[in-house]
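Structural characterization, general
One letter stands for each residue in the lines below.
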Amino acid sequence: MRSSPAARLLRPAALLLLMVAAHVFPTSAPAAAAQAPVQTPAPPGEPVPGELRPYDVSDVYSAGISSGGYMATQLHVAYSGTFDGSAAFASGPNFCAQNDLNKALLACMDTLQDLQLDKLEQTTRDWSAQGLVDPVANLAGDPVYVFSGSGDTTVKRPVADALSGYYGRLGARVRYNNSTAAGHAWISPLGPNSCTVTANPWINNCGFDAERDLLGHLLGSVTAPAAAPGGSLTRFDQNPYAPGGRARAISLDDNGFVYVPDSCAGGAACTLVVALHGCKQGYSYQGFGRQFIDKAYLNEYADTNDLIVLYPQAVPTTTLDNPNGCWNWWGYQGDSAYARHGGKQIETVMAMVRALGGEGTPPPAGNRMTLPSTDAQDGYIKAAADGSGASVGTLETTYGLALGRGSDGRYNRSVLSFDTSRIPPGKQLTRAHVTLTHSSGSGSPWTSPAGNRLLVDVHHGCLGTCPVESTDWSATTTAPGSAEVTAFTSGTRSSTNLSTAGLAAVNRTGVTQLRLRFAANQTSNAYVFVNKDTRATLTVEYE
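Presented here is a report on the structure given in the accompanying data block. In this text, all values refer to a predicted model and were calculated from it rather than measured experimentally. Position numbers for residues count from 1 along each chain, tracking the sequence in the order it is written. Under the rules for a predicted model, residues below a pLDDT of 70 receive no local features and side-chain atom pairs below 80 are neither given nor counted, while totals for whole chains, interfaces and linings still include all residues. Water and hydrogen atoms were dropped before computing side-chain values, which therefore reflect all heavy atoms in the structure.

Examined against the element boundaries, Thr73 turns out to sit in helix α3 (residues 67–78). Two residues form a contact once any of their heavy atoms are found within 4.5 Å. The contacts of Thr73, once residues within four sequence positions are left out, are Ser86, Ala88, Gly92, Asn94, Leu163 and Tyr167. Helix numbering and strand numbering both begin at the N terminus, where a helix is a DSSP run of H or I of at least 4 residues and a strand a DSSP run of E of at least 2.

A few words on the nonpolar core. Nonpolar side chains in soluble globular proteins generally cluster together in the buried interior. With 107 residues, the main nonpolar core has Leu75, Phe89, Trp186, Val274, Leu310 and Tyr311 as its most contacted residues. Broken down by element, this core gets its largest block of residues, eight residues, from helix α11 (residues 344–357). If sequence neighbours within four positions are ignored, Phe89 has contacts with Gly64, Ile65, Ser66, Tyr145, Phe147, Ala185, Trp186, Ile187, Ala210 and Leu214. Core analysis: the second largest hydrophobic core is formed by 32 residues, Leu371, Leu403, Leu429 and Val485 among them. The term nonpolar core refers to a set of buried residues drawn from Ala, Val, Leu, Ile, Met, Phe, Trp, Tyr and Cys, joined through side-chain atoms within 4.5 Å. Think of it in three bands: residues with accessible area under 20% of the maximum for their type are buried, residues over 50% are exposed, and the middle band is partly exposed, with areas taken using a 1.4 Å probe on protein chains only.

Here the focus is the state of the cysteines. In this description, a disulfide is simply a cysteine sulfur pair whose atoms lie within 2.5 Å. The tally for this structure, following the rule as stated, stands at five disulfides. At a sulfur-sulfur separation of 2.1 Å, the disulfide partner of Cys195 is Cys206. Every disulfide takes its handedness from the sign of the S-S torsion; for Cys195 and Cys206 that torsion is 90°, giving right-handed. Residue Cys195 is located in the loop between β7 (193–194) and β8 (203–205), and its partner Cys206 is located in the loop between β8 and α7 (210–219); the two are separated by eleven residues in the primary sequence.

Another point: the side chain of Gln377. Following the sequence through the fold, Gln377 ends up in the loop between β13 (367–372) and β14 (379–383). Filtering out sequence-adjacent residues up to four positions away, Gln377 remains in contact with Val415, Ser417, Cys466, Pro467, Val468, Val511 and Gln513.

Either a parallel or an antiparallel arrangement is found when strands of a sheet pair, and the pairing is made through backbone hydrogen bonds. Pairing between strands is defined by DSSP: at least two bridges between the two strands are required. Pairing in this open sheet of three strands is parallel, and the strands run β6-β8-β7 from one edge to the other. Edge positions in the sheet fall to β6 (186–187) and β7, since each has one partner strand and no second. Relative to β8, β6 runs parallel, the two sharing two bridges. Residue pairing across strands places Ile187 opposite Asn204, the latter belonging to β8.

The following block contains the structure:
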């Protein structure tokens, strides 16, 4: 019998940790409640050990169940410049638990506390303004699929109602399936359990194709699935993508999986779906193995719709922090940034996404931190082709930071300022890159002239005074052309890694400024505005 709410509130924090993990996927129901497993197509052969390699990835979506549903939403909201939409079974709004274990139990699974939807919406907007998540404006129009079964007593219906409402307030296009009597589970035609059951493996057959519905909503339309998967399933090492190269230190498994259809392997433009299991469904959880990977009914659609499916894996901790291998949606292990930029699991999955999309390589062993730019010192300067008549641009708050040739015929360069004294002393920098967010533009300054390059100059200290000034346009920098940002027309883009000279120019005791400039003057009006609603970031890795 479940204890009373008052009794649960009085128990020690360690026991609450066990409870939140156990309640997300409760102990299996009695055998009599479960349906005998159905006959399903044979899964693909044993996964081939390998590495994540780059593909032609056009769009990215997240999908998950329970704790994986929370993580799917966290990824979408934190990196809405990368993720184009999301699907969540049996979960609630972003940052629902607010680093509070009681709230996770009593408001974000049960309804014994108010989950404070107004506050959650405002927190998202505040984080966006502070650059802690991508611009909230990106979520407007994004497709979101929400599922809640009326038989789910683990994450109760009002919690999923709040998720639907949260996304609706932010302008997303929500499709909400709340008309099915499902228990707490991922819904799939391959589910071995009957619809109303809440039991291992928490994959239920409810008589309809939920994957067709969710993928159809996310993608617009889908082709019928293959009879059986025919692509390749690869098992890869998650450690290189985790902070410090240690996946288990943040409750992630050594093993992750990626399913790649032959079309994507052959060079076709493909969509990436990040599929996130729930608690107790991880590959290494008590022999659970590949049940989620094989029965989620995503690989079959992948073959016929040019989808790559990434299956990151969480793992139980050996402590009471996360004994059932849940994704971090309440701030366990002291990770207060779990739902925004800098969240350890979020950044690890993002590193995998970037690797599959050809942006960057796995971080080396060591540590990593992401620094937001100092908004009051950022700005742009416009000048004639020879740098004469330079003046500080005035449209930053309206459009963002300008780069390229504007409609006034002048050439724009931007300056970003970072407090790099925050990097821990005594550490050796091993890698760094800057990340920009597209705001608007006209034409492509990268093609005027053909092959034009957006370069990153690094300066130890400030170019003049730290706030941007007109002389910054032509000021000498410590390490010119230290990195490059390739062309992009939406979302975010990370630069190449800073050169050795660029790393050496980082000021460990104060400010480092980066100047963004095109290598050649545009031959016609072509410009881009970046970082209107969010600050640029500098990610540094060290050992």
